[in-house]
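What follows is each chain in one-letter form.
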2 protein chains.
Amino acid sequence: MKKIGVGIIGLGARGYYMVEQLCGMDNYEILAVCDTYEDRTDAAAQLVKKLTGKTVMCFTDHHGVFSVPGLDAVLIVTGWESHFPIALEALKLGIPVGCEVGGAYSVEDCFELVKVQRETKTPFMLLENCCYGRYEMLVMNMVKLGLFGEVISCEGGYRHDLRTEVLFGAENRHYRLENYKHRNCENYPTHDLGPIAQILDINRSNRFVSLHSFATKAAGLNDYAVLHEDVNRDFVNYPFSQGDVVKTVIKCSQGQLVTLTLDTTLPRPYSRGFVVQGTRGMYCEDGNYVYLDTDFTVYDHFDWIKHYNNAEEYLKKYEHPVWEKFLHDGVRGGHGGMDYLVYNEFAECLIEGRPFPITVEDAAAWMAVTPLSAQSIKEDRTVEFPDFCK
Amino acid sequence: MKKIGVGIIGLGARGYYMVEQLCGMDNYEILAVCDTYEDRTDAAAQLVKKLTGKTVMCFTDHHGVFSVPGLDAVLIVTGWESHFPIALEALKLGIPVGCEVGGAYSVEDCFELVKVQRETKTPFMLLENCCYGRYEMLVMNMVKLGLFGEVISCEGGYRHDLRTEVLFGAENRHYRLENYKHRNCENYPTHDLGPIAQILDINRSNRFVSLHSFATKAAGLNDYAVLHEDVNRDFVNYPFSQGDVVKTVIKCSQGQLVTLTLDTTLPRPYSRGFVVQGTRGMYCEDGNYVYLDTDFTVYDHFDWIKHYNNAEEYLKKYEHPVWEKFLHDGVRGGHGGMDYLVYNEFAECLIEGRPFPITVEDAAAWMAVTPLSAQSIKEDRTVEFPDFCK
């Protein structure tokens with residue numbers, strides 16, 4: 001097998017984009033596309049035809065995809081709510097799953113996913129593209145080389161102004177709006193937590209032991225509606241549940257802290273707020289800088305502005321081997337190449353029969369942050385972090 | 001009265017520096033200096049002689065300072081432990097107090113300070129220089145002008161690599177070492193919390209209602225000792241109490257969160273990690289950038305690196321009036337001028353009989369973070385934040 005035949009379930013903006021990406025990859029063949037909206041399947045099928053000349057099967061019910069001849073895997077790109085139910089069905093049928101990111105809706109769902117994957121041994125991978133971000137991988141590599149010493153504190157965030165995405169969710173048939181109306185939690189933890197969990201050897205020699213989340217009031221969406229007349233007037237005073245900023249602190253069994261920030265309804269530039277601090281060095285995404293004990297002294301500590309963006313220099317010496325090869329071969333795909341890398345890893349693991357670098361226990365732990373944070377905020381207390389490796 | 005006669009109590013590095021600063025100011029006359037170490041009082045007296053030609057009185061017991069003829073105020077620059085006892089004595093004697101920053105050792109001390117100040121009506125001001133930092137004041141001004149909309153989330157930190165200061169504390173007669181050996185808390189909250197509290201109208205229309213702190217393991221000092229043979233070998237395995245990074249989340253009655261980071265025993269450049277986010281704009285110290293809804297669109301969100309340090313541009317339009325005047329008159333003094341501004345404010349308020357901008361209730365609330373964080377970490381729970389305005 002040199003390429004995998006896949007069905008793509010869910011064709012919103014992200015699913016359509018995935019169709020486009022996979023059409024340009026040698027190790028994928030799209031056999032089927034599926035969405036409850038027929039206009040979306042039509043558009044996706046036309047795109048595949050245009051880019052590859054091939055005709056794909058179209059479904060408005062995902063069960064149809066499961067029986068497509070030659071299917072090697074399904075890729076789930078639906079709204080957050082249906083990731084688990086569809087994945088569980090596929091796993092039980094022995095169909096490998098690549099699942100887009102998002103938070104879970106209950107801890108029980110996470111345990112069920114682990115249980116079913118272990119029982120069926122069907123391959124399952126969370127397609128966390130940010131584990132393949134160039135700077136995330138730079139930091140992973142520097143940590144592995146011992147340059148940061150022992151890692152003590154990590155921070156991450158999904159700091160992305162999504163006010164229009166949320167407020168025009170109904171018009172765009174996006175699931176986010178309902179989530180912001182009715183939930184208050186760290187609703188999108190894996191982009192930032194995934195790379196951090198890998199750096200901290202979570203589910204290997206380390207694990208998450210407790211979590212506490214805190215939420216601000218919800219005011220960003222209302223204020224945006226006040227100022228923008230094209231927004232549904234109901235939103236001026238709508239009592240959104242989702243706090244504008246959610247802070248989550250996770251304690252690790254080895255004594256580290258992970259601090260996450262969800263920050264999606266206030267104005268700001270995009271940042272994953274990535275900070276990794278060890279006993280001998282650190283990286284900070286805001287400012288894009290590396291600090292190593294061996295390279296700087298206390299005389300450099302102040303007026304640090306001139307060292308902003310020095311991480312670019314460190315790429316020359318410590319680029320991750322995966323990225324070194326990628327740059328050599330020619331960077332492809334969207335989001336700076338990390339989508340290509342995660343899709344490629346999924347296909348190559350299946351083709352070569354290798355285990356996925358992101359296990360089902362990893363996926364469970366990363367996605368469980370969402371229901372745990374909801375519980376912590378609601379009950380105003382620290383909650384125990386379940387051990388999905390037990 | 002055009003200048004105030006002061007006694008300076010505590011002549012470590014910070015006190016000696018204060019002596020130097022005040023010698024260059026028109027509204028101060030140093031009458032006395034005091035430290036338990038005679039070599040320090042000698043050095044300070046010589047410095048005053050050199051800079052002003054005047055002879056000051058020297059004391060090794062602070063009680064002597066209280067009876068110096070013509071004394072208008074005492075400035076307390078001792079180790080953290082003795083701030084409160086000395087301040088209380090002075091207030092009870094009716095001697096105005098300017099007190100250097102640091103955390104408290106108990107919530108009761110904070111209540112006692114408020115009680116004694118109210119009973120005696122003796123002026124007391126916490127000399128929080130960072131409330132006069134240029135960028136802190138830029139942000140305060142922009143918030144006041146409504147440019148950030150409603151402020152929802154603030155972050156701050158004391159992120160300062162103090163490994164050598166701590167480890168050579170015994171040699172340098174510095175109080176920090178003992179604190180790091182025996183306490184685990186947010187030990188230095190006011191530099192970052194002060195400006196944030198002012199922005200959030202704490203103790204005015206808003207107040208802190210609860211606090212939760214989390215600490216990492218302590219590994220930074222040990223690892224530094226491992227690599228540096230000049231450090232006392234006992235520190236290689238010394239079980240320091242103070243975690244390398246302490247995260248503190250404070251909830252406000254108006255629904256905002258304040259997140260503080262103490263980060264003083266890992267390698268890094270200096271940062272107060274100042275972030276202020278409102279419904280219409282924000283500022284972030286790491287990257288030194290401003291984002292306003294009116295100035296940027298979603299097309300600017302990614303590849304934000306080119307906007308790093310754009311806060312410099314905003315200074316042209318929104319410089320705080322205090323800084324505008326300061327720049328016009330000529331910036332003076334250390335730490336970029338903010339020390340001059342806070343010392344000047346203290347003197348001018350006393351001379352003009354104006355109330356201090358930082359009240360005793362403010363000082364109590366900001367400094368109380370230290371014992372509250374110690375309790376929260378020890379008991380692994382959220383603690384109620386006392387109301388010092390009651």
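The structure presented is a predicted model; accordingly, all values stated were derived computationally and were not measured. (Residues numbered from 1 in each chain as written. Chains lettered and ligands numbered in written order. Predicted model: local features only at pLDDT ≥ 70, side-chain atom pairs only at ≥ 80, totals over all residues. Heavy atoms only, no water.)

Now, about the domain arrangement of chain A: what can you tell me, with residues and values included?
Residues and elements named next belong to chain A. Domains assigned within chain A are domain 1 (4–129) and domain 2 (131–320 + 367–384). Here domain 1 and domain 2 have C-alpha centroids that lie 27 Å from each other. Carbon and sulfur atoms make up 61% of the surface buried where domain 1 meets domain 2, a total of about 1800 Å² over both sides. Looking only at domain 1, the three residues that lose the most surface to domain 2 are Trp-80, Glu-128 and Asn-129, adding up to 34% of its buried area. The interface formed by domain 1 and domain 2 holds 1 salt bridge in total. (Domains from an automatic or database assignment. Buried area = accessible area lost by both parts, 1.4 Å probe. Salt bridge = Lys/Arg side-chain N within 4 Å of Asp/Glu carboxyl O.)

Describe the relation of the copies chain B and chain A, naming the residues involved and giving the relevant values.
The operation linking the two copies of the chain is a rotation about an axis combined with a translation along the axis. With an RMSD of 0.0 Å, the operation that places chain B on chain A is a rotation of 180 degrees combined with a shift of 0.0 Å along the axis. Such a combination of rotation and displacement between the chain copies is what one expects of a two-fold axis. Ranked by how close their C-alpha atoms come to the rotation axis, the residues of chain B are headed by B:Gly287, at 2.1 Å. A symmetric contact is evident, with 100% of the interface residues of chain B recurring at the interface of chain A. (Least-squares fit on C-alpha atoms with pLDDT ≥ 70 in both. Contact = heavy atoms within 4.5 Å.)

Describe the interface of chain B and chain A, naming the residues involved and giving the relevant values.
Contacts between the two partners involve 55 residues from chain B, matched on the other side by 55 residues from chain A. Of the roughly 4900 Å² buried between chain B and chain A on both sides combined, carbon and sulfur atoms contribute 59%. Contact with chain A buries area across many residues of chain B, yet B:Phe214, B:Lys217 and B:Pro269 alone supply 12% of it, more than any other trio. Put simply, A:Arg159 and B:Glu155 hold a salt bridge, and the shortest N to O gap is 2.9 Å. If you list the elements that add at least two residues to the side of chain B that touches chain A, you get strand 7 (151–159), strand 8 (208–215), helix 10 (220–227), strand 9 (245–252), strand 10 (257–263), strand 11 (275–278), strand 12 (281–284) and strand 13 (289–292) of chain B. (Helix = DSSP H or I, 4+ residues; strand = E, 2+ residues; numbered from the N terminus.)

Lay out the packing of helix 4 (residues 80–92) of chain B against helix 5 (residues 107–120) of chain B with the relevant residues and their values.
All names here are of chain B. For the pair helix 4 and helix 5, the least separation of the axes is 9 Å and the interaxial angle reads 15 degrees. Judged by the inter-axis angle, helix 4 sits roughly parallel to helix 5. For the element pair helix 4 and helix 5, the recorded crossing hand is left-handed. On helix 5, the residues touching Phe-84, Ala-87, Leu-88, Leu-91 and Lys-92 of helix 4 are Asp-109, Cys-110, Glu-112, Leu-113, Val-116, Gln-117 and Thr-120. (Axes fitted to C-alpha atoms, helices over the stretch in contact; angles between N-to-C directions. Parallel < 35°, antiparallel > 145°, perpendicular 65-115°, else oblique. Left-handed = near helix turned anticlockwise from the far one by under 90°.)

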